[in-house]
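# Structure at a glance
One-letter residues, chain by chain:
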Amino acid sequence: MTAYLLRRLLYAIPILIGVNLITFALFFVVNTPDDMARIHLGAKHVTPEAIARWKAEHGYNKPLFYNDQASGVARFTDTLFVQKSLRLFVFDFGRADDGRDIGREIASRMWPSLAIALPTLLVGLAVYVSFALLLVFFRATYLDTAGVVLCVVLMSISGLFYVIASQYLLGKLWNWVPISGYQPGWDGLKFLVLPVLVGVISALGESSRFYRALFLEEMHKDYVRTARAKGLSEAAVLFRHVLGNALIPILTGVVVVIPRLILGSLILESFFGIPGLGSYTIDALQAQDFAIVRAMVFLGSVLYILGLILTDLSYTLVDPRVRLE
Amino acid sequence: MTLPFQPVILWSDALLLMLLAAVAAFVLHTLRHEHLRAPWRAVWDSRLGMAAAVVLAAYGLIGLLDSLHFRARLPAAAGEPPQYAAEVLSLFDHLVGPLRTQVEESYSAPFATHLFVKKTLVTADGRVVRDYPRLKYGGAHLPDPQGRWADVAARGIEGAGLGSLLAAGAWGLAALGLAVHRRQPLATALAALARERTLKGPRAALLTLTLLVLLTGAVAALAPHYHVLGTDKVGQDVLYLALKSIRTGLLIGTLTTLVVLPLALTLGVAAGYFGGWVDDVIQYLYTTINSIPGVLLIAAAVLVAQVHIETNPQLYDTAAARSDLRLVFLCLILGLTGWVGLARLLRGETLKLRELEYVQAARAFGVTHARILVRHVLPNVAHLVLITLVLDFSGLVLAEAVLSYVGVGVDPVMPSWGNMINGARLELAREPVVWWQLAAAFLFMFVLVLAANLFADSVRAAFDPRSGRIA
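Along every chain, residues carry numbers that run from 1 in the direction the sequence is written. For this description, chains carry letters from A and ligands carry numbers from 1, given in the order in which they are written. The predicted nature of this model means local features are confined to residues of pLDDT at least 70 and side-chain atom pairs, given and counted, to a pLDDT of 80 or more, with totals for whole chains, interfaces and linings taken over all residues. Side-chain measures here rest on the full set of heavy atoms in the structure, leaving out hydrogens and waters.

### A closer look at the overall build of chain B
Helix and strand content of chain B: 16 helices and six strands. Viewed in the frame of its principal axes, chain B has a C-alpha envelope of about 100 × 70 × 60 Å. Considering chain B as a whole, with its 471 residues, one finds that 47% of them fall into the buried category. The long-range share in chain B, meaning contacts at least 24 apart out of those at least 6 apart in sequence, stands at 70%. Note that accessible areas follow from Shrake-Rupley with a 1.4 Å probe, and for residues the cover is restricted to the protein chains shown. Within the structure as shown, chain B displays about 23,200 Å² of accessible surface, and the carbon and sulfur contribution to it stands at 67%. Positive charges come from Lys and Arg alone, negative charges from Asp and Glu alone, with His and the N- and C-terminal ends not counted. In plain terms, the charge of a residue is placed at NZ if it is Lys, CZ if Arg, CG if Asp and CD if Glu. Counting 38 positive and 32 negative side-chain charges, chain B places the centres of these two groups 7 Å from one another. The numbering of helices and of strands both runs from the N terminus, where a helix is a DSSP run of H or I of at least 4 residues and a strand a run of E of at least 2. Partly exposed describes any residue whose relative accessible area lies between the buried limit of under 20% and the exposed limit of over 50%, with all areas from a 1.4 Å probe on protein chains only and scaled to the type maximum. Only heavy atoms matter for contacts: two residues are in contact if any of them lie within 4.5 Å across the pair.

If you want it as structure tokens, here you go:
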């Protein structure tokens, strides 16, 4: 088990190096720091001196891989690749274009993101599983058909529609909850209702349908027939036997996204004015602040790999047949 | 001889035509092989699948008409070399003429006769008042705007009547085809088309077509005289914008395939078939790409492209070429990030196929790897490819709207549902609400995605007998 974990952690290193190279190629080779400086300075102020000054201010005035101005080890370390890209490995994200420390911003902004993402995940899971169970209980009836049709219709609606419609109806027309905003602590609960609701509904169609398919697949297994032959009621078969077994793929499927929850949702956070990492990313994209985008890409990859490892671990916890070696 | 127009082939047009040629070749190949035709017969029998196919075909037709671009010739004196307009139009623009040119000053509601915002007007007796002015085109033919709903109803019914003639023609044609095929009298064929159980798929298609034609007839009769879906902030007809957006949505959904297909096929099948270090390298490649948050990778790449276009304006001569290139680039990026799922699926399937007897036998006979892959592996994973591509389509159409909202989608001047939503969402704060632009964008997108989802379901049910049917 320990050996397995160690190997997985070692395997993460080449992947992160790959991610690092891709982002480095995108942001420094295809697109040179000169281009970046030009965009930020605006068309009117582009002079060679201004570009040089901007690059010096933001630490981009270094060669890519090899610095022949420096001496010793600094020939390799005093370069863009080491200073801007490899430093991400020790979670040193550097400074954004406005001079703020990205690492500190991430540490403070992940909490609002979690405040939205975690309830959305938990409530969503409960709702989708219940809805799917309901459909499976009434399988091959008109209720089931209507439910599946509803799922397909819900799947076909753009996520933006849910956001805009809910803000308009619940927030503006009926005045139940604030349209947007955020406040830490229990008083801020009213701000969370709408984004969580929208987050749950926008995935209702797809997830319920997928879970229904998982449940139906279990229904054809031998142990279900045995349980019925014992004379168990349909409800007992469904809740005591099928639910437990179908939860294995559902839960392990959920585990992979858990670490990434702190990154938040771009759409929800920007529409509802949540000061989390999602809106941080979207602001960075719109301001073309590449330092933040690079940091978020790297963080996202780390969290994804963490999610994969956690998934493997969760298999051993919920399914005693699985052994890692 | 000089043409009255100069054809213009944008990058996306060329790629789309290429894709159409590939689809046509695929259809011909399928038609010639009975075992390939069989699953499609299940789609043919499915009511929802056929109805969805008709809707998709209607969208496809508009998208195709909108992809044939040209520049009109300007009137010139005799003897001079012909001059062409700078504006690139499409055949669709040409066909819907008044929809494009009848531009109002600002917002107006659907079927409105007056502008949505007040302007300073000078009345006949010289007084200056602030009031809602009459529209330049919408309902301009009416002497008295009070009676417009009667006029709307009359014109709508007239158009639908013309449409019903067309629909009757379609039914007649279908019956004629059936009569010739079955060697029956026409009346018997028509009765069979209306009632027979085995024809429920085509019947659903014809019913959908009838509805579409009636609606199109009514709208076509009304559109030259009213703004059926209102106008937007700069007075453009919303119906026109929504129809123009169809091409963008379809291109995003289909051109991406051109990137996904070769990557996923070669890498996925190679990883599964050869195993060993090839498998390791390919797995490493897709784990790396998958580990980057998708939206961020797309956003980063699009930002890079944007900077490239902004710093090298001399490479792109017209605004149309610039926004078109950005669209093609977006498809490329979506494809580069989107091939992982299919490749993983193909790898798993090929791993299974590799161990089957007929592949082992072929290898024992000394058949080359290339030949085994083409003759024995590819045909047996084709259904997976088809199902995945059809299923991915709707996701891509929806993704366009989100990406455009984030600011890394298609060019802001290109008509697209994402841009329409983005431009209109702040107007919900107005009182009274400007709802028609949002409603139109969501409605057109919803119909396309719903049709694509339903069609994908019936394709999946036909090709993958294990998957549960929708109903």
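### Digging into the interface of chain B and chain A
Chain B puts 45 residues into the contact, and the matching count from chain A is 47 residues. Carbon and sulfur atoms supply 73% of the area that chain B and chain A bury against each other, a total of about 4,000 Å² over both sides. By convention in these notes, a salt bridge is any Lys or Arg side-chain nitrogen within 4 Å of a carboxyl oxygen on Asp or Glu. The interface formed by chain B and chain A contains one salt bridge. The shortest N-O distance in the salt bridge between D457(B) and R209(A) comes to 2.8 Å. In protein, a polar contact requires one atom able to donate a hydrogen and another able to accept it; more generally it is a pair of N or O atoms within 3.5 Å, and residues adjacent in sequence count only if both atoms are side-chain atoms. At the boundary of chain B with chain A, the tally comes to seven residue pairs in polar contact (both at pLDDT 80 or more). Looking at the side of chain B that touches chain A, the elements with two or more residues in it are α10 (276-291), α11 (294-311), α14 (369-406) and α16 (436-463) of chain B. Here the quantity called buried area is the accessible surface, traced with a 1.4 Å probe, that two parts lose on coming together, added over both.

### Quick word on the pairing of strand β2 (residues 69-74) of chain B
All names here are of chain B. Where strand β1 (residues 5-8) meets β2, four bridges bridge the pair, whose relative direction is antiparallel. Following the sheet pairing, V8 is matched in β2 by H69. DSSP calls a pair of strands paired once it identifies at least 2 bridges connecting them. Pairing between β2 and strand β4 (residues 89-90): two bridges, direction antiparallel. In the strand pairing of β4, F70 is matched with L89. Note that β2 and strand β3 (residues 83-84) share two bridges and pair antiparallel. Paired with R73 across the two strands is Y84, which belongs to β3.

### Looking at the domain arrangement of chain A
All names here are of chain A. An automatic or database domain assignment supplies the start and end points of every domain. By the assigned domains, chain A splits into domain 1 (2-90) and domain 2 (107-324). With centres defined by C-alpha atoms, the gap from domain 1 to domain 2 works out at 36 Å. In this assembly, 20 residues from domain 1 lie in contact with 17 residues from domain 2. Taken over both partners, the interface formed by domain 1 and domain 2 buries close to 1,700 Å², and the fraction arising from carbon and sulfur atoms is 77%. Our count for the domain 1 to domain 2 interface comes out at one salt bridge. At the junction of domain 1 with domain 2, the criterion picks out two residue pairs in polar contact (both at pLDDT 80 or more). Elements that contribute at least two residues to the side of domain 1 that touches domain 2 include exactly α1 (2-29) and α2 (33-41). Take the side of domain 1 that touches domain 2: its biggest share by element is 12 residues, from α1.

### Considerations on the packing of aromatic side chains
When the centres of two rings from Phe, Tyr and Trp lie within 6.5 Å, Trp using its six-membered ring, the rings pair. Their planes under 30 degrees apart give stacked, over 60 give edge-to-face, and anything left gives tilted. The tally for this structure, following the rule as stated, stands at 12 aromatic pairs over all chains. Aromatic pair F137(A) and F138(A): ring centres 5.3 Å apart, planes at 85°, arrangement edge-to-face. The partly exposed category is assigned to F138(A), whose relative accessible area is 33%. Taking the centre distance of 5.0 Å and the plane angle of 85° together, the rings of Y273(B) and F274(B) count as edge-to-face. A residue is classified by how much of its surface remains accessible, and F274(B), at 39% relative accessible area, is partly exposed. Taken together through their ring pairs, the aromatic side chains of Y107(B), F116(B), W435(B) and W436(B) make up a single cluster.

### Things to note about the side chain of T120(A)
Among the structural elements, T120(A) can be located in helix α6 (residues 102-137). If sequence neighbours within four positions are ignored, T120(A) has contacts with V196(A), G199(A) and V200(A).

### Regarding the packing of α14(B) against α16(B)
If you want to describe how two helices pack, look at the angle between their axes and the distance between the axes. All names here are of chain B. Simply put, an axis is a line fit to the C-alpha atoms, just over the touching stretch for a helix, and the angle between two N-to-C directions goes from 0 to 180 degrees. At a closest axis distance of 9 Å, the pairing of α14 and α16 adopts a crossing angle of 165°. Looking at the two axes, α14 sits roughly antiparallel to α16. Read as a crossing pair, α14 and α16 show a hand that is left-handed. Contact residues: H383, L386, I387, V390, L391, F393, S394, V397, L398 and A401 in α14; M445, L448, V449, A452, N453, F455, A456, V459, R460 and F463 in α16. Charged residues are taken to be Asp, Glu, Lys and Arg, nonpolar residues to be Ala, Val, Leu, Ile, Met, Phe, Trp, Tyr, Cys and Pro, and polar residues to be all remaining types, Gly included. Broken down by class, the residue content of the contact of α14 with α16 amounts to 16 nonpolar, three polar and one charged. We call two directions roughly parallel when the angle between them is under 35 degrees, roughly antiparallel when it is over 145, roughly perpendicular when it lies between 65 and 115, and oblique otherwise. Here is the rule for handedness: rotate from the far helix to the near one, and if that takes an anticlockwise turn smaller than a right angle the crossing is left-handed, while a clockwise turn gives right-handed.

### Structural notes on the environment of V259(B)
Residue and element names in this part refer to chain B. Tracing the backbone through its elements, the reader meets V259 in helix α9 (residues 238-274). A residue is classified by how much of its surface remains accessible, and V259, at 15% relative accessible area, is buried. For the pair V259 and W339, spaced 80 residues apart in sequence, the C-alpha to C-alpha distance is 7.9 Å. The residues contacting V259, other than those within four sequence positions of it, are C331, L332, G335 and L336.

### Focus on helix α3 (residues 48-57) of chain A
All names here are of chain A. For α3, every residue scored as buried is listed here: A50, I51, W54 and K55. Down the axis of α3, the smallest arc covering the buried residues is 135°, so these residues share one side. Facing away from the buried side of α3, by more than 90 degrees, are the exposed residues P48, E49, R53 and E57. On its buried face, α3 sits against α2. Remark: G59 follows α3 within two positions and exhibits a positive phi of approximately 75°. By construction, the arc corresponds to the directions joining the helix axis to the C-beta atoms.

### Overview of the nonpolar core
Core analysis: the largest hydrophobic core is formed by 174 residues, its most contacted members being I102(A), Y211(A), F215(A), W417(B), I421(B) and M445(B). The biggest single contributor to this core is α16(B), with 18 residues. In this structure, this core is formed jointly by two domains, domain 1 (2-90) and domain 2 (107-324) of chain A, each of which donates at least three residues. In contact with F215(A), not counting residues within four places along its chain, are V129(A), A132(A), L133(A), V136(A), V242(A), L243(A), A246(A) and I250(A). Take the buried Ala, Val, Leu, Ile, Met, Phe, Trp, Tyr and Cys residues and link them wherever side-chain atoms come within 4.5 Å; each set so joined is a nonpolar core. With 24 residues, the next largest nonpolar core counts L267(B), Y286(B), L346(B) and I372(B) among its residues.

### Concerning a nonpolar patch on the surface
Residue and element names in this part refer to chain B. Patch membership requires more than 30% relative accessible area and the absence of a salt bridge. Residues of like charge join within 9 Å; the nonpolar side chains Val, Leu, Ile, Met, Phe, Trp and Tyr join within 5 Å. Nonpolar side chains collect at one region of the surface, where L17, L20, L64, L68, L91 and L95 lie side by side and expose about 470 Å² of accessible area between them. Elements represented by at least two residues in the nonpolar patch include exactly α1 (11-32) and α4 (91-95). For L64, the position within the fold is in helix α3 (residues 47-65). Relative accessible area serves as the criterion here: at 31%, L64 is assigned to the partly exposed category.

### Observations regarding the side chain of S301(A)
Residue position: S301(A) is located in helix α15 (residues 290-318). For S301(A), the contacting residues outside a window of four places in its chain are L16(A), V19(A), S291(B), I292(B) and P293(B).

### Notes on the pattern of salt bridges
All names here are of chain A. Inspection of the entire model under this criterion finds 20 salt bridges over all chains. D144 serves as the salt-bridge partner of R212, at 3.0 Å between the closest nitrogen and oxygen. Here D144 lies in helix α7 (residues 142-155) and R212 lies in helix α10 (residues 204-219), a separation of 68 residues in the sequence. For R212, a relative accessible area of 11% translates into the label buried.

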